[in-house]
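Read off the chains here:
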Amino acid sequence: MTTLPSISAADLAALLSSRLCHDIISPVFGIQSGLELLDDMPGDKESMDLVRSSLKSAVAKLQFARIAFGAAGSQTAMIDLNDAKTVATGYMEHEKPNLVWEGEPGYVPKNCAKITLNLIVMASASISRGGTVHVEIQGIEPFGATITATGERIRMQQRLVAMLDGTAGDDPIDAQAIQPYYTLFLAEESGLTVTYEKNDGRVVFKIAPKAA
C-alpha cells in the first residue's frame, strides 16, 4: 500500500522547481558552451550543431514540464492525450530508451496525464542502457494505463520503491525523491492507484482507479 511522508506546500513547490532546474541545466550549459566555441571559431559546424541539439533538448524538456509539473489550466481541466504523447515523444528523443505509445486517444483529467508523464520519466530512469518504454492507454473513463520499461539491468529508485511499498517512513523528501512523491500524491488526489511489478529485465507500472 502506498504511503507518503508529509510535506508542506512551500517545500513541494521548492523541490519541484529544483527538479525542473536539474532537468534543463545540462542543455542550457550545452547552448552556452556552443556559443562560446562560436566566439572563438565563427561558423564552426560542430559548435553550431551543439547549440542546435542543446536548444532542441531544452525546449523539449520545458514543453514536457509544462504538462508534467505545471498547472495546465484549472483544477478540473482536461488534457488531450495526443498533446501528452507529443511532449513525451519530444522528451524521450533526448533520452536513451525508445518510446512506444499506444492505446485509446481522448481527453482525460489533467492529473491522469501528469501521472503518466512522470511515470514515463521514472520508467526511463530505471533502464541502465538502451531499452524501450512502452505506454499503453487502456481506458479513458475510468482512466487506466500501463507504463513498461524493458531493458538491461532494471534498477528502480529506492525511494520510489519504498513509497509504493508503503515503507517510506518519515525520511525527508529531497530533490531526488520529489518526482515519485509528486506522482503518487497526484494519484491519491485523483482516486487512482499506482502499482508495479518488476523482474530482471522489465518493470511495469500500472495506473488504475482505487477499488470501491
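Our structure's up above, just so we're on the same page.
This is a predicted model, so every value here is computed, not measured.

*Asks:* How would you summarise the packing of helix α5 (residues 158–165) against helix α6 (residues 178–189) if you had to cite specific residues and measurements?
*Replies:* Packing of α5 against α6 leaves a shortest axis separation of 8 Å and a crossing angle of 25°. Judged on the interaxial angle alone, α6 and α5 are roughly parallel. You can see that α5 and α6 cross each other, and the crossing is right-handed. Mapping the contact onto sequence places Leu160, Met163 and Leu164 in α5 and Pro180, Tyr181 and Leu184 in α6. A breakdown of the residues in the contact of α5 with α6 according to their chemical character gives six nonpolar, no polar and no charged.

*Asks:* Before we move on, could you go through the pattern of salt bridges and cite the residues and values that matter?
*Replies:* Scanning the model with the defined rule gives five salt bridges in all. In this structure, Arg52 engages Asp49 in a salt bridge whose closest nitrogen and oxygen atoms are separated by 3.8 Å. Linking Arg52 with Asp49, this pair stays in helix α2 (residues 45–68), spanning three residues, or about one helical turn. Judged by its relative accessible area of 46%, Arg52 falls in the partly exposed class. A relative accessible area of 34% means that Asp49 is categorised as partly exposed.

*Asks:* Tell me about the side chain of Thr116, and name the residues and values.
*Replies:* Its place among the elements puts Thr116 in helix α4 (residues 110–125). The buried category is assigned to Thr116, whose relative accessible area is 1%. Sequence-distant contacts of Thr116, that is, excluding residues within four places in its chain, are made with Trp101, Val135, Phe143, Ile147 and Ile207.

*Asks:* So what's going on with the layout of surface pockets? Residues and values would help.
*Replies:* Roughly 590 Å³ of volume is contained in the largest pocket. As for the largest pocket, its lining consists of 27 residues, and the residues nearest its centre are Arg19, His22, Tyr91, Glu95 and Ala125. Listed by contribution, the elements that provide at least two residues to the lining of the largest pocket are α1 (9–40), α2, α4, β4 (127–140) and α6. In terms of residue count, α1 provides more of the lining of the largest pocket than any other element does, five residues in total.

About the cut-offs
Residues numbered from 1 in each chain as written. Predicted model: local features only at pLDDT ≥ 70, side-chain atom pairs only at ≥ 80, totals over all residues. Heavy atoms only, no water. Axes fitted to C-alpha atoms, helices over the stretch in contact; angles between N-to-C directions. Helix = DSSP H or I, 4+ residues; strand = E, 2+ residues; numbered from the N terminus. Parallel < 35°, antiparallel > 145°, perpendicular 65-115°, else oblique. Left-handed = near helix turned anticlockwise from the far one by under 90°. Contact = heavy atoms within 4.5 Å. Nonpolar A, V, L, I, M, F, W, Y, C, P; charged D, E, K, R; others polar. Salt bridge = Lys/Arg side-chain N within 4 Å of Asp/Glu carboxyl O. Buried < 20%, exposed > 50% of the residue type's maximum accessible area, 1.4 Å probe, protein only. 1 Å grid on protein atoms, 1.4 Å probe; cavity = no way out; pocket = protein on both sides within 12 Å on 5 of 7 lines; lining within 4 Å. Points joined across faces, edges and corners; volume = space filled by probe spheres on them.

These values are about where atoms sit, not about what they do.
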